[in-house]
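Architecture and fold: a report
So you can see what is in the structure, the chains are spelled out below.
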Amino acid sequence: MTTAASKATFTPAALQHLINNGSAPRLLDVRTPGEFQTSHIPGAYNVPLDTLREHRSELRRHLDEDVVLVCRSGSRASQAEQALAEAGLPNLRVLDGGMMAWEASGAPVNRGPERWELERQVRLVAGSVVLVSGVVGFFVPGVHLIGTAIGAGLTFAALSNTCAMGMMLSKLPYNRGPRTDIRTVIASLRDRS
């Protein structure tokens, strides 16, 4: 399941097997509430990455068993794994390929209202800014540099595995969905014990 260079992961098939056998680990979905509301694994708890980082010590006290972290593709879940590991939580795994792989495997998903994924929104905003600045740049000298700045930002996002534009877009009302209340999540974690 792991190599020296990679984080501990669960494949969708392995996780589905545990769920079907009644020995499901705790599932923490670290995507935004809006993403979670659109689709999530049944039984998962939504603890957005920023909330998880802020309340990792509190969460650690209520997560004494195996935990599988879920996001869209695995990147945010890996960041959550690092944050929880730094808080001293053992038995952490990341769902390999995230919700994309889970859904592709045909595993069950709870669905809500459809929203564009953050990655798609980033492509729309970045592409639109580059297109408009390129066209306007024919008439207004220097405007094309806005597109260059966006390109530099996207390059940095790829190299650092972060995305400032995605973080900004996640704050929009369209993406927020219902607010995650950490007390409710912790109470739910306690109730399952």
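Further up the page is the structure itself.
Residue numbers here run from 1 along each chain, matching the order of that chain's written sequence. pLDDT decides what is reported in this predicted model: residues at 70 or higher carry local features, side-chain atom pairs at 80 or more are listed and counted, and totals for whole chains, interfaces and linings draw on all residues regardless. For side-chain calculations, the full set of non-hydrogen atoms in the structure is used, while hydrogens and water are omitted.

1. So, the pattern of salt bridges
Throughout this description, the term salt bridge denotes a Lys or Arg side-chain nitrogen within 4 Å of a carboxyl oxygen of Asp or Glu. Under the defined criterion, the tally for this structure stands at 9 salt bridges. The salt bridge involving Asp50 is made with Arg53; its shortest N-O contact spans 3.9 Å. Here the residue Asp50 and the residue Arg53 both occupy positions in helix 3 (residues 49–54), the gap between them amounting to 3 residues, near one helical turn. Here Asp50 falls in the partly exposed class, since its relative accessible area comes to 43%. Throughout, exposure labels follow a simple rule: accessible area from a 1.4 Å probe, protein chains only, divided by the maximum for the residue type, with under 20% read as buried, over 50% as exposed, and the rest as partly exposed. The exposure class assigned to Arg53 is partly exposed, which follows from its relative accessible area of 36%. Across the pair Glu117 and Arg72 runs a salt bridge whose closest N-O atoms are separated by 2.6 Å. Of this pair, Glu117 sits in the loop between strand 7 (110–111) and helix 7 (118–136) while Arg72 is found in the loop between strand 5 (67–70) and helix 5 (75–86), placing the two residues 45 residues apart along the sequence. Under the DSSP-based scheme used, a helix requires at least four consecutive residues in state H or I and a strand at least two consecutive residues in state E, with every element numbered from the N terminus.

2. Some details on the sheet that holds strand 2 (residues 26–29)
Pairing within the open sheet is parallel, and its 5 strands lie in the order 1-6-5-2-4. One side of each edge strand has no neighbouring strand; the edge strands of this open sheet are strand 1 (9–10) and strand 4 (45–46). In terms of strand pairing, strand 1 meets strand 6 (residues 92–95) through 2 bridges, oriented parallel. Note on strand 6: the bridge partner recorded for Thr9 is Val94. Only heavy atoms matter for contacts: two residues are in contact if any of them lie within 4.5 Å across the pair. Simply put, an axis is a line fit to the C-alpha atoms, just over the touching stretch for a helix, and the angle between two N-to-C directions goes from 0 to 180 degrees. Here helix 5 sits on the sheet and contacts strand 2, strand 5 and strand 6; the angle it forms with strand 6, its principal contact strand, is near 175 degrees. Note: two strands are recorded as paired if DSSP finds a minimum of 2 bridges between them.

3. Quick word on a nonpolar patch on the surface
Patch definition: residues above 30% relative accessible area lacking any salt bridge, with like charges linked at up to 9 Å and the nonpolar side chains Val, Leu, Ile, Met, Phe, Trp and Tyr linked at up to 5 Å. Here, Shrake-Rupley sampling with a 1.4 Å probe gives the accessible areas, and only protein chains in the shown set may cover a residue. On the surface, Leu131, Val132, Val135, Val136, Phe138, Phe139 and Val140 cluster together into a nonpolar patch covering about 740 Å² of accessible area. Along the chain, the position of Phe138 falls in the loop between helix 7 and helix 8 (144–160).

4. Quick look at the packing of helix 7 against helix 8
Interhelical geometry of helix 7 versus helix 8 gives an angle of 150 degrees and a closest axis separation of 7 Å. Accordingly, the angle class assigned to the pair helix 7 and helix 8 is roughly antiparallel. The way helix 7 lies across helix 8 gives a crossing that is left-handed. Packed against helix 7, whose contacting residues are Val122, Ala126, Val129, Val130 and Ser133, the element helix 8 presents His144, Ile146, Gly147, Ile150 and Leu154 at the interface. Tallied by class, residues from the contact of helix 7 with helix 8 come to 7 nonpolar, 3 polar and no charged. We call two directions roughly parallel when the angle between them is under 35 degrees, roughly antiparallel when it is over 145, roughly perpendicular when it lies between 65 and 115, and oblique otherwise. Crossing handedness is defined as follows: a turn of the near helix away from the far one that is anticlockwise and smaller than a right angle gives a left-handed crossing, while the clockwise case is right-handed. When residues are grouped by polarity, Ala, Val, Leu, Ile, Met, Phe, Trp, Tyr, Cys and Pro land in nonpolar, Asp, Glu, Lys and Arg in charged, and all others, Gly among them, in polar.

5. Observations concerning the environment of Ser128
Mapping Ser128 onto the fold places it in helix 7. C-alpha of Ser128 to C-alpha of Asn110: the two residues are 18 residues apart in sequence and 32 Å apart in space.

6. A closer look at the pairing of strand 5
Every second residue of strand 5 is oriented toward a common face, with Val67 and Leu69 on one face and Val68 and Val70 on the other, all of them buried. Summarising the sheet, strand 2 and strand 5 pair through 4 bridges and their orientation is parallel. Residue Leu27 lies in a different strand from strand 5, and its bridge partner there is Val68. Examined bridge by bridge, strand 5 and strand 6 share 3 bridges and lie parallel to one another. Considered in strand 6, the bridge of Leu69 is made with Val94. This β-α-β element, strand 5 to helix 5 to strand 6, shows right-handed connectivity. When the strands point away from the viewer and the connection leading from the first strand across the helix to the second strand turns clockwise, the crossover is called right-handed.

This is a description of form; function is not addressed.
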